[in-house]
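Residue strings, one per chain:
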Amino acid sequence: MEDKLQPSEMSASGLSGNSISQESAQSNVHEMYKYLKSTGQMSTLRAWDLNNTRKAEQDLLFFNRVPKVGSQTFMTLIRRLSAENSFTFHRDAVQRIETIRLSPDQQLELSEMIADLPTPSVYVKHVCYTNFTRFGLPTPIYINLVRDPVERVISWYYYIRAPWYYVERKQAFPDLPLPDPRWLRKDFETCVLQHDPECTFNYGETHEGIGDHRRQTLFFCGHDEECTPFNTVGALERAKYAVESQYSVVGVLEDLNTTLSVFEAYIPRFFRGAKNIYWEEVNNFNKINKNAFKPPVSEEVKDIVRRNFTREIEFYQFCKQRLHKQFLAAKLPLNGI
């Protein structure tokens with residue numbers, strides 16, 4: 001596994017922040033460089049070792065997207081890139097109930113469907129990491145994004161309460177009942193401080209479905225039962241192993257410039273020109289899924305939530321560390337982020 005920075009080192013290097021500026025992104029990568037150099041790792045850092053794209057056995061990109069990490073925006077960017085880079089774009093249909101953890105038969109069906117797509121193609125779906133080789137099928141190029149897990153859980157909380165969310169759901173599924181107005185009006189801070197079950201994040205708890213928004217690691221750990229308990233060491237280690245051994249790139253929402261640079265460098269067939277397209281059309285991309293109904297949440301309440309998200313936070317930091325290592329190993333210019 002990759003070396004894990006200690007919390008004090010993460011804080012000192014700026015690797016634990018949320019939304020960051022271009023200057024901060026450069027500083028974060030530079031601090032990672034100093035850390036790797038001081039520990040002797042910089043001399044052995046090679047892009048080849050960090051590039052799982054070379055392991056892909058078919059020219060198919062599989063984006064098993066985590067909700068509320070900017071994946072809708074990123075999916076729109078990929079759709080734009082499909083015209084520029086001559087590949088086909090595919091995504092799953094909107095579903096009444098999103099099933100992200102599949103049975104073995106469902107995993108096989110999904111894997112066969114993706115493997116049968118014309119190449120080069122991209123397929124996008126909210127689903128756990130799916131191992132194609134388990135079914136004797138060629139490995140695709142795996143990608144994903146992550147986000148600060150506490151910011152993500154807050155974003156999800158208000159996303160499912162946004163008026164436009166229910167308008168879209170009712171249009172797709174007219175017989176869906178409307179939620180209780182008291183539930184819609186409940187704010188996140190009150191939910192946490194009053195120990196409402198919706199905002200109580202207990203170690204080892206298991207909830208099925210995409211509605212269990214607390215488990216970002218689930219999308220990387222896989223479909224097995226061991227991946228379902230919240231904030232456990234087993235789920236964390238399996239998720240980290242999948243990222244390190246299977247995923248070409250796992251981007252970080254709060255470090256978008258570095259993310260786009262690494263995607264371009266490690267998967268150029270699909271992401272050539274990604275930065276230019278994104279920043280040329282940034283105003284359009286910034287409007288996607290933007291929730292004007294999300295009020296600010298105090299740092300005090302966020303700190304309460306963070307206490308129970310220790311391993312989810314560790315996973316997020318691990319992904320940031322790997323992204324910065326990939327950037328440095330590819331010898332990309334700091335002024336490009």
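That block above? That's the structure.
In this text the structure is predicted, and so the values were computed from the model without any measurement. Counting restarts for each chain: residues are numbered from 1 in the order of the written sequence. Residues qualify for local features only when their pLDDT is at least 70, as the model is predicted, and side-chain atom pairs are given and counted only at 80 or more; totals for whole chains, interfaces and linings, by contrast, use all residues. Water and hydrogen atoms play no part in the side-chain values, which are based on all heavy atoms of the structure.

A. How the structure looks around the overall build of the protein chain. Each helix and strand counted, the protein chain has 17 helices and five strands in total. Only heavy atoms enter the contact rule, under which two residues are in contact if any of them lie within 4.5 Å. Long-range contacts, defined as pairs at least 24 residues apart, comprise 78% of the intrachain contacts of the protein chain with a sequence gap of at least 6. Here a helix means four or more residues in a row that DSSP labels H or I, a strand means two or more in a row labelled E, and each is numbered from the N terminus.

B. Here's a closer look at the packing of aromatic side chains. Side-chain rings of Phe, Tyr and Trp, where Trp is taken by its six-membered ring, are said to pair if the distance between their centres is within 6.5 Å; with planes under 30 degrees apart they count as stacked, over 60 as edge-to-face, and otherwise as tilted. Taken as a whole and assessed by the stated rule, the structure comprises 22 aromatic pairs. Here the aromatic rings of Phe 230 and Phe 309 are separated by 5.0 Å at their centres, their planes lie at 70°, and the arrangement is edge-to-face. One end of the pair, Phe 230, is in the loop between helix H10 (218-221) and helix H11 (233-245); the other, Phe 309, is in the loop between helix H16 (299-306) and helix H17 (310-329), and 79 residues separate them in sequence. Here the aromatic residues Phe 62, Tyr 123, Tyr 129, Phe 132, Tyr 142, Phe 220, Tyr 247 and Phe 315 are joined through ring pairs into a cluster of three or more. Criterion for a charge above a ring: Arg CZ or Lys NZ at most 6 Å from the ring centre, at most 35 degrees from the ring normal. One Lys or Arg, Arg 269, reaches over the ring of Phe 270 and ends 5.8 Å from the middle of that ring.

C. Structural view of the pattern of salt bridges. Salt bridge, as used here: a side-chain nitrogen of Lys or Arg that lies within 4 Å of a carboxyl oxygen of Asp or Glu. The final tally for this structure, using the stated rule, is 19 salt bridges. With its nearest N and O atoms 2.9 Å apart, the salt bridge here joins Asp 49 to Arg 46. Taking the shortest distance from any N to any O, the salt bridge between Glu 237 and Lys 240 comes out at 3.8 Å. Residue Glu 237 and its partner Lys 240 are located together in helix H11, separated by three residues, close to a single helical turn. Only protein chains enter the accessibility calculation, which uses a 1.4 Å probe; a residue whose area is less than 20% of its type maximum is buried, one above 50% is exposed, and one in between is partly exposed. Exposure remark for Lys 240: the relative accessible area of 6% places this residue in the buried category. Three or more residues joined by partner-sharing salt bridges are found here, namely Glu 151, Glu 299, Lys 302, Asp 303 and Arg 306.

D. Focus on the packing of H11 against H17. Each axis is a line fitted through C-alpha atoms, and for a helix only the stretch in contact is used; angles between axes span 0 to 180 degrees, taken between their N-to-C directions. Remark: H11 packs on H17, axes separated minimally by 10 Å, with the N-to-C direction vectors making an angle of 15°. Here H11 is positioned roughly parallel relative to H17, judged by the angle of their axes. Here H11 runs over H17; the crossing is right-handed. Contact with H11, carried on its side by Val 233, Leu 236, Ala 239, Lys 240, Val 243 and Glu 244, involves Arg 311, Glu 314, Phe 315, Phe 318, Cys 319 and Arg 322 of H17 and no other residues of that element. Roughly parallel covers angles under 35 degrees, roughly antiparallel covers those over 145, roughly perpendicular covers 65 to 115, and oblique covers all other angles. By convention the crossing between two helices is left-handed if the near helix lies anticlockwise of the far one by an angle smaller than a right angle, and right-handed if it lies clockwise.

E. Structural view of the nonpolar core. Here, nonpolar core refers to any group of buried Ala, Val, Leu, Ile, Met, Phe, Trp, Tyr and Cys residues whose side-chain atoms link them within 4.5 Å. In terms of nonpolar packing, the biggest core is built from 70 residues, with Phe 74, Leu 77, Ile 78, Ile 143, Phe 220, Ile 267 and Phe 271 touching the most fellow members. At eight residues, the largest contribution of residues to this core is made by H17. One finds Val 150, Val 153, Val 301 and Val 305 within the second-largest nonpolar core, a separate group that totals 15 residues.

F. Region of the structure containing the pairing of strand E4 (residues 141-146). Of all six residues in E4, six are buried, a share of seventy percent or more. Here E4 shows a buried face lined by Ile 141, Ile 143 and Leu 145 and a second buried face lined by Tyr 142, Asn 144 and Val 146. Two strands qualify as a pair provided that DSSP identifies no fewer than 2 bridges between them. Bridge analysis of E4 against strand E5 (residues 247-252) gives five bridges, and the strand direction is parallel. Across the sheet, residue Val 146 finds its bridge partner in E5, namely Val 252.

G. The state of the cysteines, seen in detail. Any pair of cysteine sulfurs within 2.5 Å is marked as a disulfide. Applying the stated criterion across every chain yields a total of two disulfides. What pairs with Cys 221 in a disulfide is Cys 227, and their sulfur atoms sit 2.0 Å apart. On the sign convention where negative means left-handed, the S-S torsion of about -75° between Cys 221 and Cys 227 marks this disulfide as left-handed. Each of the two residues, Cys 221 as well as Cys 227, counts as buried. In the protein chain, the bonded cysteines, numbered by position in the sequence, are linked as 1-2, 3-4. Here Cys 128 is not cross-linked by a disulfide; its sulfur's nearest cysteine counterpart is in Cys 227, at 7.2 Å.

H. Molecular detail of a negative patch on the surface. A cluster of acidic residues, Asp 105, Glu 109, Glu 112 and Asp 116, forms a negative patch on the protein surface. Looking at the element boundaries, Asp 116 is found in the loop between helix H5 (104-115) and strand E3 (121-124). Patches here are clusters of residues that have more than 30% relative accessible area and form no salt bridge, with a 9 Å joining cutoff for like charges and a 5 Å cutoff for nonpolar side chains (Val, Leu, Ile, Met, Phe, Trp, Tyr). Areas reported as accessible are Shrake-Rupley estimates using a 1.4 Å probe. Residue values count occlusion only from the protein chains shown. Only four residue types enter the charge count: Lys and Arg as positive, Asp and Glu as negative, with His and the chain ends excluded. Note that the charge is assigned to NZ on lysines, CZ on arginines, CG on aspartates and CD on glutamates.

I. The arrangement of the environment of Asn 85 in detail. Among the structural elements, Asn 85 can be located in helix H4 (residues 71-85). Take Asn 85: its relative accessible area is 5%, and that puts it in the buried class. With 184 residues separating them in the primary sequence, Asn 85 and Arg 269 have C-alpha atoms 7.1 Å apart.

J. Summary view of H17. Multiplying 1.5 Å by the residue count of a helix minus one yields the expected span of that helix. The terminal C-alpha atoms of H17, which comprises 20 residues, lie 28 Å apart, in line with the 28 Å expected from a rise of 1.5 Å per residue. Where H17 terminates, the next one or two residues include Lys 331, which has phi positive at roughly 55°.

K. A look at the sheet that holds E4. Spatially, the five strands line up as an open sheet ordered E2-E3-E1-E4-E5, and their pairing is parallel. Each of the sheet's edge strands pairs with one partner strand only, and the pair in question is strand E2 (88-91) and E5. Strand-to-strand twist of the sheet, defined as the mean angle between neighbouring strand axes without regard to direction, takes the value 20°. Against the sheet, H5 makes contact with strand E1 (60-63) and E3, and its axis sits at roughly 140° relative to E1, the strand it touches most.

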